[in-house]
Amino acid sequence: MDKNERNEKGHPFGIHRVLDAQVVLPQAAEKLDNSLPIYSNEILLRVEKLNIDAASFVQMEEETGGDSQKIGEVILKNCAIRGKQHNRVTGSGGMLVGEVESVGSHYQGPLKFKKGDKVATLVSLTLTPLQISKIKTINMKTHQIDVDGFAILFEQSIAAILPEDLPESLSMAVFDVAGAPATVNSLAEKGNTVVVVGAGGKAGLLSCLAARKKVGKEGKVIGIEPSPKAAEALRKLELCDVVAQVDATHPIAVLNEIEGLTRGKMADLVVNVASVPNTEMGSVLACQPKGKVLFFSMATSFTKVALGAEGVASSSQLIFGNGYFPNHAKFSIELLKKHPSLLELFTSRYS
């Protein structure tokens, strides 16, 4: 028994770390126990980087007036009070990169890690016990934060070893959104028209690429991106047949644009990966009655989606991505590697 290990096993889902009066899962908990030593079926990580999800980072930017030092203070306060990085406004977190410090002697989960492995977590920071002693730097463009601290993985947590042939920060950016392109790959079909809302961000770019490969020459990929700079970068990649520079928070503008581009047929699949709120109805209106709308953004409001779709009598299938899809990390990394131009763009942005 290692000195940093308790002589008892915890619950595989981490319920033993919940400090709330009521028994809940770690993600729903108000506060987690982030103390050492670990239980005998947990994994201890020495944390090096946090990747804050886009919706959460944008909210903290707005709250602090874009002051990086104050953003750091918010994160430190969250971890100190709640034992995890859980944004109270967006309800989202992100993921992290760290080095395996120890694996509990009774750990029997899916991960085959050993001490010294460099890994990225594939579960949210909202359910990961996290203790941060110092924030070193904050990259306001990539939303990645260099820190000193440690985190704890439960027996049913998932993570992946970082690829050796890609920069760490780049791999981290891909892993953070890996569920989106993998899910798009499973939903899109040959010949489909796919609309990606928020197409210029990392999740959007990978989703456009996944859609492009799946729908083939007979299909059509339409990217919606309000930023002129991001829209131009997307056009140069030639992942989309059309890049529409439209503000998706204006649903009628989206409706008119997609009606014109599809001659009224609308999309078979709409993928929403926007990092700002109020893009729900534009996504619903862009979809044909028998189509599918995939919401893969932490800025999405279920209430706005459900009531809004009802209000316009939409019969589209509404799907909420949960960030996990079997083999999503491997799929997304391989997808990126096979597209040199997009890999070059990701390298310039995230490494």
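Everything here concerns the structure above.
Residues numbered from 1 in each chain as written. Predicted model: local features only at pLDDT ≥ 70, side-chain atom pairs only at ≥ 80, totals over all residues. Heavy atoms only, no water.

For the protein chain, the count of helices and strands is 11 helices and 12 strands. Taken against the 2.2 N^0.38 rule, which gives 20 Å for 351 residues, the C-alpha radius of gyration of the protein chain at 21 Å falls within 12% of a compact globule. Its C-alpha atoms give the protein chain principal-axis dimensions of roughly 65 × 45 × 40 Å. Put simply, the protein chain has 351 residues, and 54% of those count as buried. For the protein chain, the proportion of contacts with a sequence separation of at least 24, taken over those separated by at least 6, is 70%. Accessible surface computed for the protein chain: about 15,600 Å², of which carbon and sulfur atoms make up 51%. If you average the places of the 38 positive and of the 38 negative side-chain charges in the protein chain, the two averages end up 3 Å apart. (Helix = DSSP H or I, 4+ residues; strand = E, 2+ residues; numbered from the N terminus. Rg over C-alpha atoms; globule rule 2.2 N^0.38 Å. Buried < 20%, exposed > 50% of the residue type's maximum accessible area, 1.4 Å probe, protein only. Contact = heavy atoms within 4.5 Å. Areas by Shrake-Rupley, 256 points an atom, 1.4 Å probe, with all protein chains shown as cover. Lys, Arg positive; Asp, Glu negative; His and termini not counted. Charge placed at Lys NZ, Arg CZ, Asp CG, Glu CD.)

The next point concerns the nonpolar core. Among the nonpolar cores identified, the biggest contains 49 residues, and Phe175, Val194, Leu206, Val271, Leu294, Leu342 and Phe346 are the most heavily contacted of them. Of the residues forming this core, the biggest block, eight residues, is contributed by helix H5 (residues 202–215). One finds Ile71, Ile75, Tyr107 and Phe113 within the second-largest nonpolar core, a separate group that totals 27 residues. (Core = buried A, V, L, I, M, F, W, Y, C linked by side-chain atoms within 4.5 Å.)

On to the sheet that holds strand S6 (residues 159–161), then. Reading across the sheet, the six strands line up as S4-S5-S1-S2-S3-S6 and stay open at both edges, with antiparallel pairing between neighbours. Since the sheet does not close on itself, it has two edges, and those belong to strand S4 (130–139) and S6, each with one partner. The mean inter-strand angle of the sheet, taken between neighbouring strand axes irrespective of direction, is 30°. Direction of pairing for strand S3 (residues 118–121) relative to S6: antiparallel, over a ladder of three bridges. (Pairing = 2+ DSSP bridges. Axes fitted to C-alpha atoms, helices over the stretch in contact; angles between N-to-C directions.)

Attention now moves to the environment of alanine 253. For alanine 253, the position within the fold is in helix H7 (residues 251–262). The spatial distance from the C-alpha of alanine 253 to the C-alpha of glycine 65 is 29 Å, given a sequence separation of 188 residues.

This part takes up helix H6 (residues 228–237). Listed as buried for H6 are Ala230, Ala231, Leu234 and Leu237. Taken down its axis, H6 places every buried residue within 115° of arc, on the same side. Exposed and facing more than 90 degrees away from the buried side of H6 are Pro228, Lys229 and Lys236. (Arc of directions from axis to C-beta.)

For helix H4 (residues 179–187), the buried fraction is high: seven of the nine residues fall into the buried class. In this structure, the buried side of H4 is in contact with H5, strand S10 (267–272), strand S11 (287–295), strand S12 (317–320) and helix H10 (328–337).

On to the side chain of serine 157. Examined against the element boundaries, serine 157 turns out to sit in the loop between strand S5 (144–153) and S6. Residue serine 157 is classed as buried on the basis of its relative accessible area of 5%. Excluding its chain neighbours within four sequence positions, the residues that come into contact with serine 157 are Pro110, Leu111 and Val123.

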